[in-house]
Structure formats: structure tokens, C-alpha cells
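Inside the fold
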Amino acid sequence: MAQSFTQEYLQIPAVTRAYTTACVLTTAAVQLEFITPFQLYFNPDLIFKRYQLWRLITNFLFFGPLGFSFLFNMIFLYRYCRMLEEGSFRGRTADFVFMFLFGGVLMTLFGLFASLFFLGQAFTIMLVYVWSRRNPYVRMNFFGLLNFQAPFLPWVLMGFSLLLGNSIVIDLLGIGVGHIYFFLEDVFPNQPGGKKLLVTPGILKAIFDAPEEDPNYNPLPEEQLGGPTEGAGEEGEQRADNAGGQERPQDQPDQNEQEQR
């Protein structure tokens, strides 16, 4: 059973696996009292004056104590992060990481001017928003009560959060950042006179994406999987014999040489 769980875990795409694991481990560390939420929350004064730079990341990893809210956020985070990575970002891990960085930076800048302590929920809403806009014809069912098209999902989640008595500022932030990314990445480049403004840095492509094969590259005969050509095979045998200190036996003399003898 442990081996089966390990196999299933390793089949999760890399970025989704890393982010969800970090969120679960952070919550577990708080639950076990190894750390406290006061060491994780977003605080510009502590970040820039006391250089507690880890808060720029940890505020995206904590979704509150174990409970319904935590499970709800983890389910949506895992589901839509994975569907994005396996869907529109399939084979483009560097672009997916760049979307994470773009969204995280925008939310952090907004957090400088608002009293927001944890931005993980806003980040989840951003992922849901981008997925929903790229899959506009998918039919959704919310707890068996509502049926709607995918683009309405972020707004339904915001309404559900409002019913639970939570502030909708964090949801609006996620929707706003998600819309900015979607507009710059999917809408503006396709407009007359538009162009692609979000360009993934080369260093991210070098780290996360496999190098592309050169279509003009012509491999040497010995590098081809189909085996050596006829001439290359004879040359290879001669090299092998010479390397072993042996000489190939000479061919028998032809008929003219025999007559001369």
C-alpha cells in the first residue's frame, strides 16, 4: 500500500506536487507547534526592516489550522493547479512557474497597501480563475446545488466564502490578479496590434524545460540507432582488429598472381 501511495504521489506533476506538499507540511508544522502563524504571516515591516524574507513565501503556504476551511482550500488548490499543469501548461513547466511568480509578485505588491496576512487563498482563486477562463464550456456542479459554466466558478466560490462570513477582499484579489494574467497572456496578444508581453525568462526555461532538439542536426552514422552503414561497419572492424594488436588475414592471391608464381 505504501508503494502504491508513493507511485501515485510521484505521478503528480512537479509544480503541483511541490506546492501542495509545502502547504501541507507548513500546516502540519503549525499544528504540531514547531512553528507559529506569527512566524509566517505577511508583515512588510518585518520583511524590509528585519530582513525576514521567508515571509514573502510562507504567507502563501499557510491556509489556517486543520479543519473544513483547510480541506476545502487544499482540494481546490490541488485539483485546479494539477489540471492547469497537465492541460494548458503541459510541457511548459517554465511558463507555469513564471505564472506563479507573476501572481505572487502582484499579490505581494497589493499586500503592501492592505492588511492581508496570508495570501494562499487568493493564489488558489487565481489558479481557479485562469483554468475557468481557458475552459469556458465545461459544466460545473457545486455541491449538487448549482449548475453553471466554468467561468462563473470563481464568483460562486466568492459567494460561498461570503456565506461563511469571510471577507471577500482576498477572493477579489485572486480574481483580479487572475484576470490580469489571462488578459496579458491570452487576450491582448490576439488583438490587432497586440503582442505577447509576458515572456518567460530564459533561466527558467533552462532550469525547468528540457532542451529542444535541433531539427537540422544530422547525427554521425555510429550515433544512429539503426546500426552502422556497410562501409562504416567494415571500417569499424578494421579499427577493432588494429586496437587488439591483430591484423586481418590477407585475401588469397587471385588467379593472375598464382600463374606468375
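Just above, that's the structure.
Residues numbered from 1 in each chain as written. Predicted model: local features only at pLDDT ≥ 70, side-chain atom pairs only at ≥ 80, totals over all residues. Heavy atoms only, no water.

1. Topic: the overall build of the protein
- Regarding its fold elements, the protein presents 12 helices and two strands.
- Along the chain direction, N to C, the helices and strands of the protein fall in the order α-α-α-α-α-α-α-β-β-α-α-α-α-α.
- Looking at the protein as a whole, 35% of its 261 residues qualify as buried.
- Residue pairs at least 24 apart in sequence account for 60% of intrachain contacts in the protein once pairs closer than 6 positions are excluded.
- Summed over all atoms, the accessible surface of the protein reaches about 17300 Å², with 59% contributed by carbon and sulfur. (Helix = DSSP H or I, 4+ residues; strand = E, 2+ residues; numbered from the N terminus. Buried < 20%, exposed > 50% of the residue type's maximum accessible area, 1.4 Å probe, protein only. Contact = heavy atoms within 4.5 Å. Areas by Shrake-Rupley, 256 points an atom, 1.4 Å probe, with all protein chains shown as cover.)

2. Section: the packing of aromatic side chains
- Within this structure, the stated rule accounts for 15 aromatic pairs.
- Judged by centre distance (5.0 Å) and plane angle (65°), the rings of Phe-96 and Phe-100 are edge-to-face. Of this pair, Phe-96 and Phe-100 both sit in helix H6 (residues 93-111), separated by four residues, roughly a single helical turn.
- With a relative accessible area of 0%, Phe-96 lands in the buried category.
- Their ring planes at 40° and their centres at 6.1 Å tell us that Phe-183 and Phe-188 sit as a pair that is tilted.
- Looking at Phe-188, the relative accessible area reads 26%, which means it is partly exposed.
- If you follow Arg-79 out to its NZ or CZ, it ends over the ring of Tyr-80, 5.6 Å from the centre. (Phe/Tyr/Trp six-rings, centres within 6.5 Å; stacked < 30°, edge-to-face > 60°. Lys NZ or Arg CZ within 6 Å of the ring centre and 35° of its normal.)

3. As for a nonpolar patch on the surface
- A cluster of nonpolar residues, Phe-48, Val-105, Leu-109, Leu-112 and Phe-113, forms a patch on the protein surface that exposes about 540 Å² of accessible area.
- By relative accessible area, which is 35% here, Leu-112 ends up partly exposed. (Patch = residues over 30% accessible without salt bridge, like charges linked within 9 Å, V, L, I, M, F, W, Y side chains within 5 Å. Salt bridge = Lys/Arg side-chain N within 4 Å of Asp/Glu carboxyl O.)

4. Overview of the pattern of salt bridges
- Per the stated rule, a full pass over the model turns up five salt bridges.
- In this structure, Arg-92 and Asp-95 form a salt bridge, with 2.7 Å as the shortest nitrogen-oxygen distance.
- Of the residues examined, Asp-95 reaches a relative accessible area of 11% and is grouped as buried.
- Where Asp-95 meets Lys-205, a salt bridge forms, and the shortest distance between an N and an O atom there is 3.6 Å. Placement of the pair is Asp-95 in helix H6 and Lys-205 in helix H10 (residues 202-208), with a sequence separation of 110 residues.
- On the basis of relative accessibility, which here comes to 37%, the residue Lys-205 falls in the partly exposed class.

5. A short note on the packing of helix H8 (residues 153-163) against helix H9 (residues 169-187)
- One can describe the packing of H8 onto H9 by two numbers: an axis separation of 9 Å at closest approach and a directional angle of 170°. The orientation of H8 relative to H9 falls into the category roughly antiparallel. Seen from H8, the contacting residues are Pro-154, Trp-155, Leu-157, Met-158 and Ser-161; seen from H9, they are Asp-171, Leu-172 and Ile-175.
- Taken together, the residues of the contact of H8 with H9 break down into six nonpolar, one polar and one charged. (Axes fitted to C-alpha atoms, helices over the stretch in contact; angles between N-to-C directions. Parallel < 35°, antiparallel > 145°, perpendicular 65-115°, else oblique. Nonpolar A, V, L, I, M, F, W, Y, C, P; charged D, E, K, R; others polar.)

6. Focus: the nonpolar core
- If you look at the biggest cluster of nonpolar residues, it comprises 52 residues, and the most contacted ones within it are Tyr-19, Met-99, Phe-100, Met-107 and Leu-127.
- For this core, the leading source of residues is helix H7 (residues 120-134), giving nine residues. (Core = buried A, V, L, I, M, F, W, Y, C linked by side-chain atoms within 4.5 Å.)

7. Looking at the pairing of strand E1 (residues 139-142)
- Burial of the side chains of E1 is restricted to one face: Met-140 and Phe-142 are buried, whereas none of Arg-139 and Asn-141 on the reverse face is.
- As defined by bridge partners, E1 adjoins strand E2 (residues 146-149) across four bridges and the pair is classed as antiparallel. If you follow Phe-142 over to E2, its bridge partner there is Leu-146.
- In sequence, E1 turns back onto E2 through a hairpin of three residues, with Phe-143 there showing a positive phi of about 55°. (Pairing = 2+ DSSP bridges.)

8. Details of H9
- With 19 residues, H9 extends 25 Å between its outermost C-alpha atoms, agreeing within 8% with the 27 Å of an ideal straight helix rising 1.5 Å per residue.
- Within the span of H9, buried status applies to Ile-170, Asp-171, Leu-173, Gly-174, Ile-175, Val-177, Gly-178, Tyr-181, Phe-182, Leu-184 and Glu-185. (Expected span 1.5 Å × (residues − 1).)

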